[in-house]
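If you want the building blocks of each chain, they are given just below.
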Amino acid sequence: MSQPPQPGPDRNDDRRFRRSRSGTEPVTARSDLWLRTLLSSVGVPFFAAAAALFAWWAAASDSHSTPSDRVLTVLAALCAALALIAAVDLLVLRRRRAQERQRRRR
């Protein structure tokens with residue numbers, strides 16, 4: 001015998017934004033937003049500076065130097081991508097904190 005369908009979550013219910021528990025993780029487990037903020041805050045300037053350094057080094061080197069200008073260009077692009085990912089993570093964390101503040105005010 002099957003059970004009758006349960007009603008869906010209320011539109012104002014905050015649980016609709018959270019995934020259902022599927023394993024043995026603690027009930028109170030949450031993402032450490034402050035650690036992510038710290039890592040992203042350090043990562044953005046570090047990887048941006050590394051990308052600028054590798055780009056400058058690639059521009060100053062010739063095709064016969066070691067490491068080659070292609071390798072330096074790839075490293076510069078990789079560091080720039082990591083800086084961009086860290087910056088996007090900071091924006092996501094900022095939005096989550098704003099949403100948490102709004103939920104607390106209700």
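None of these values were measured; they are calculated from a predicted model.

Colleague: Looking at this structure, I do not really get unusual backbone geometry. What am I missing?
Modeller: Most peptide bonds are trans, and most residues other than glycine sit at a negative phi. A cis amide bond links T66 to the next residue, P67, at an omega of -5 degrees. With respect to the helices, strands and loops of the structure, P67 is situated in the loop between α1 (33-60) and α2 (69-105).

Colleague: Would you explain the side chain of S40 in this entry?
Modeller: Here S40 shows up in helix α1. Among the polar contacts listed, one links the side chain of S40 to the side chain of D89, at a separation of 2.9 Å. Excluding anything up to four places from it in sequence, S40 contacts A86, D89 and L90.

Colleague: I would appreciate a short explanation of the packing of aromatic side chains in the present structure.
Modeller: A ring pair, where both rings are aromatic, is described by two values, the distance of the centres and the angle of the planes. Applying the stated criterion to the full structure yields two aromatic pairs. Geometrically, the ring pair formed by F46 and F47 is edge-to-face, given 5.2 Å between the ring centres and 75 degrees between the ring planes. F47 gets classed as partly exposed once you look at its relative accessible area, which sits at 24%. Ring centres 6.4 Å apart and planes at 15 degrees place the aromatic pair F54 and W57 in the stacked group. Taken together, the positions of F54 and W57, both in helix α1 and three residues apart, correspond to about one turn of that helix. Directly above the aromatic system of W34 lies the positively charged group of R97, at a separation of 4.3 Å from the ring centroid.

Colleague: Sorry, what's going on with the packing of α1 against α2 here?
Modeller: Working note: a packed helix pair is described by the angle between its axes plus the distance between those axes. Their axes nearest at 7 Å, the elements α1 and α2 cross at an angle of 155 degrees. By the angle between their axes, α1 is roughly antiparallel relative to α2. Viewed along their axes, α1 and α2 form a crossing whose handedness is left-handed. A breakdown of the residues in the contact of α1 with α2 according to their chemical character gives 22 nonpolar, five polar and six charged.

Colleague: Looking at this model, I keep getting lost on the nonpolar core. Mind explaining?
Modeller: Side chains of a nonpolar character, in soluble globular proteins, are inclined to be buried together. In terms of nonpolar packing, the biggest core is built from seven residues, these being A50, A51, F54, A58, L72, A76 and C79. Broken down by secondary-structure element, the contributors of at least two residues to this core are α1 and α2. The biggest single contributor to this core is α1, with four residues. Those residues within four positions of F54 in sequence are excluded, and the remaining contacts are L72, L75, A76 and C79.

Conventions used here
- Residues numbered from 1 in each chain as written.
- Predicted model: local features only at pLDDT ≥ 70, side-chain atom pairs only at ≥ 80, totals over all residues.
- Heavy atoms only, no water.
- Helix = DSSP H or I, 4+ residues; strand = E, 2+ residues; numbered from the N terminus.
- Polar contact = N/O pair within 3.5 Å; in protein donor to acceptor, adjacent residues only side chain to side chain.
- Contact = heavy atoms within 4.5 Å.
- Phe/Tyr/Trp six-rings, centres within 6.5 Å; stacked < 30°, edge-to-face > 60°.
- Buried < 20%, exposed > 50% of the residue type's maximum accessible area, 1.4 Å probe, protein only.
- Lys NZ or Arg CZ within 6 Å of the ring centre and 35° of its normal.
- Axes fitted to C-alpha atoms, helices over the stretch in contact; angles between N-to-C directions.
- Parallel < 35°, antiparallel > 145°, perpendicular 65-115°, else oblique.
- Left-handed = near helix turned anticlockwise from the far one by under 90°.
- Nonpolar A, V, L, I, M, F, W, Y, C, P; charged D, E, K, R; others polar.
- Core = buried A, V, L, I, M, F, W, Y, C linked by side-chain atoms within 4.5 Å.

Function-wise, these values are silent; they only describe arrangement.
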